[in-house]
Amino acid sequence: MSTARILRIDLAQTIISLDGMYDSHENRKAICNRWMVLNIHKNLREKKIPKRGRKCLFDSSIFQERFNAIERAFA
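Definitions and limits used
Residues numbered from 1 in each chain as written. Predicted model: local features only at pLDDT ≥ 70, side-chain atom pairs only at ≥ 80, totals over all residues. Heavy atoms only, no water. Helix = DSSP H or I, 4+ residues; strand = E, 2+ residues; numbered from the N terminus. Buried < 20%, exposed > 50% of the residue type's maximum accessible area, 1.4 Å probe, protein only. Contact = heavy atoms within 4.5 Å. Patch = residues over 30% accessible without salt bridge, like charges linked within 9 Å, V, L, I, M, F, W, Y side chains within 5 Å. Areas by Shrake-Rupley, 256 points an atom, 1.4 Å probe, with all protein chains shown as cover. Salt bridge = Lys/Arg side-chain N within 4 Å of Asp/Glu carboxyl O. Pairing = 2+ DSSP bridges. Right-handed = clockwise from strand over helix to strand, strands pointing away.

Enquirer: Just checking my understanding: could you explain the overall build of the protein chain for this structure?
Expert: Within the protein chain, the regular secondary structure consists of three helices and two strands. Along the chain direction, N to C, the helices and strands of the protein chain fall in the order α-β-α-β-α. For the protein chain, with 75 residues in total, the buried portion stands at 16%. Partitioning the intrachain contacts of the protein chain with sequence separation of at least 6 by distance along the chain shows that 26% fall at a separation of at least 24.

Enquirer: I keep staring at a nonpolar patch on the surface and nothing clicks. Help me out?
Expert: Taken together, the side chains of I6, L7 and I9 make up a nonpolar region of the molecular surface, amounting to roughly 330 Å² of accessible area. Checked against the element boundaries, I9 lands in the loop between α1 (2-7) and β1 (15-18). The class of I9 is partly exposed, set by a relative accessible area of 46%.

Enquirer: What am I meant to see in the pairing of strand β2 (residues 37-40) here?
Expert: Looking along a regular strand, one sees side chains alternate from face to face of the sheet. Bridge analysis of β1 against β2 gives four bridges, and the strand direction is parallel. Within the sheet, the bridge partner assigned to L18 lies in β2 and is I40. For the crossover from β1 across helix α2 (residues 25-33) to β2, the handedness is right-handed.

Enquirer: Explain the environment of M21 here, please?
Expert: Mapped onto the elements of the fold, M21 is located in the loop between β1 and α2. Judged by relative accessible area, M21 falls into the exposed class, the value being 59%. Note: C-alpha distance between M21 and H41 (20 residues apart in sequence) is 8.6 Å.

Enquirer: Looking at this structure, I do not really get unusual backbone geometry. What am I missing?
Expert: What you tend to see is this: most non-glycine residues have negative phi, and most peptide bonds are trans. Phi at R8 is positive, roughly 55 degrees, even though this residue is not glycine. Relative to the elements of secondary structure, R8 occurs in the loop between α1 and β1. Owing to a relative accessible area of 77%, R8 belongs among the exposed residues under this scheme. The backbone of W35 sits at a positive phi, close to 60 degrees, despite the residue not being glycine.

Next comes the structure, spelled out in structure tokens:
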């Protein structure tokens, strides 16, 4: 966020695609408070009962595109 402020880049409505490892209340709240769109694969640990609040977007095509880009970079 500090780099975006220095460069005067507005990150509102930017899609953030993360692995399920980053699925936490704190991360979701920080991203949503900055008006970014969260695309995160839901981690089902400790979530036996559905929670109230905004539902999370999960578009598997966006997630797969990000995964393929990372794999191509390492290849």
